[in-house]
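Coordinate analysis (summary)
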Amino acid sequence: MDRFNAFMERYFMPVAGKMAEQRHLKAIRDGIIAVMPLLIIGSIFLIISSPPVPSWADFMAPYASALSIPVNATFGLLGLIAVFTIAYNLAISYKMDGLSAGVLAIAAFFVATPLTEEGNIPLNLMGSEGLFIAIVLAIFTVEVYRFFEVRNIVIRMPDSVPPSVWRAFTALIPGAAIVAMVWAVDLILQSAFELSLHGIVGAVLREPLQMAGGSFWGAMAAIILIHLLWSFGIHGISVVASVMAPIWYSLTEENVSAHQAGEQLPNIIGQPFMAIWWAVGGSGMALALTLLFILRARSKHLKGLGRGSIGASIFNISEPVIFGAPVVMNPLLVIPFILAPLAVGIVTYFSMSFGLVGKPYVIVPWTTPPPISGILTTGDWRGGVLMMVNLLIAMVIYYPFFRLYDKQLLAEEQREQDDKAGSENVSVSAKQG
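Conventions adopted
- Residues numbered from 1 in each chain as written.
- Predicted model: local features only at pLDDT ≥ 70, side-chain atom pairs only at ≥ 80, totals over all residues.
- Heavy atoms only, no water.
- Helix = DSSP H or I, 4+ residues; strand = E, 2+ residues; numbered from the N terminus.
- Contact = heavy atoms within 4.5 Å.
- Domains from an automatic or database assignment.
- Buried area = accessible area lost by both parts, 1.4 Å probe.
- Axes fitted to C-alpha atoms, helices over the stretch in contact; angles between N-to-C directions.
- Left-handed = near helix turned anticlockwise from the far one by under 90°.
- Nonpolar A, V, L, I, M, F, W, Y, C, P; charged D, E, K, R; others polar.
- Phe/Tyr/Trp six-rings, centres within 6.5 Å; stacked < 30°, edge-to-face > 60°.

Attention shifts here to the environment of Ile-397. Residue position: Ile-397 is located in helix 19 (residues 381–432). In this structure, the C-alpha to C-alpha distance between Ile-397 and Met-60, residues 337 residues apart in sequence, is 42 Å. For Ile-397, the residues in contact, after removing those within four places along its chain, are Pro-336, Leu-339, Ala-340 and Ala-343.

Okay, here's the thing in structure tokens:
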């Protein structure tokens, strides 16, 4: 274990740390997170229009088309909003004007979007289908804007001019260059190859990444990597999601569209699966470990930690357990910390694959407690049952490792107590003498 730790610290940790702080990946992650409130709002209307209770669903059926408007206005604008939020966050990281960068990125996005035969904007490209080109154009826009600004190829206004005005003029030259370049590339692709930037990015990035990120093996690899990073004190989901979140959201939007059309859901892997199902109590199925601390721990440290962190674990906040036990750099707990969510992920995937539980299509806040989150994400009461079964599986996996660690801590506490008692006896004897 010492050799493995040394290897990870020397070769793996520096790479993971740089990925976590890489400005473009952080901008993508923060930009996607900024869209989350809209997706949760859309999911609420989706649950109302298609509730898991059959009698309620029949009652709401006449209103389904009207309730689909907020769903389309949230999920259907994922790419359009993301191009602004990603460009905004990347520009802020460079200490540039985020608002101007975001507006220019939206302009570039629309220039690259092919119109329908009737001359209308295709709404399907505003959602998840346009998410990957939104990422590309957001980064392109900010980098070109920065190129002009660093070299001072911008219009400068006197200090007396209001900030809103001089910002607009500062963005004028780089903005014209950005729009012209995107337009020229898209025009060449359409005239010479009958292709569009959306089509190119979809073929090169979106489809291969969705195949990899949406597969069983891709999901299991992500779960392992997330918990391996956590084991060394790095926020694993932040690192992995900065790369994979666009894929997971795109797959979820496909499920939402299929659900609205009354079709079979195409994907098991998506944002709900990767944010909720293997993270009951937080990363590592921390609620299972917290319950063991409360119910079975004999050491004062683990018993007290369990009581103090149960509230956070119910709402899927795992940091008190991860750093309080600690799990980080702890060989006795790191192994089940990785194995438990991996086992739960496998059980959940095949339960959904075999039709025992519905596939997830609803995005809920990650703090939604179990088993409510299991029911809401799938629209299936069996989702709540599966979530409780997963919790028991995780507790079984943790138990032998927990017992060893608890026994170790109990022995240390007993030694400390004996040493303290011995010191007090020596002190009393010295006073009496």
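Once you've had a look at it, read on.
With that out of the way, let us pick up the domain arrangement of the protein chain. Examined at the domain level, the protein chain breaks down into domain 1 (25–253) and domain 2 (271–423). Relative placement of domain 1 and domain 2: their C-alpha centres are 34 Å apart. Taken residue by residue, the interface counts 27 residues in domain 1 and 30 residues in domain 2. Both faces combined, the contact of domain 1 with domain 2 buries some 2500 Å², and carbon together with sulfur accounts for 79% of it.

Between two packed helices, the angle of one axis relative to the other and the distance separating the axes together describe the packing. Viewed as axis vectors pointing N to C, helix 5 (residues 78–93) and helix 6 (residues 98–111) meet at an angle of 145°, and their least axial separation amounts to 8 Å. For the crossing formed where helix 5 meets helix 6, the hand is right-handed. Contacts between helix 5 and helix 6 pair Gly-79, Leu-80, Val-83, Phe-84, Ala-87, Tyr-88, Ala-91 and Ile-92 from the former with Gly-98, Leu-99, Ala-101, Gly-102, Val-103, Ala-105, Ile-106, Phe-109 and Phe-110 from the latter. Residue composition of the contact of helix 5 with helix 6, by class: 14 nonpolar, three polar and no charged.

With that settled, consider the packing of aromatic side chains. Counted under the stated rule, the structure contains eleven aromatic pairs. Where Phe-109 meets Phe-110, the ring centres are 6.2 Å apart and the plane angle is 80°; that geometry is what we call edge-to-face. Following the ring pairs from residue to residue traces out a cluster consisting of Phe-216, Trp-217, Tyr-349, Phe-350 and Phe-354.

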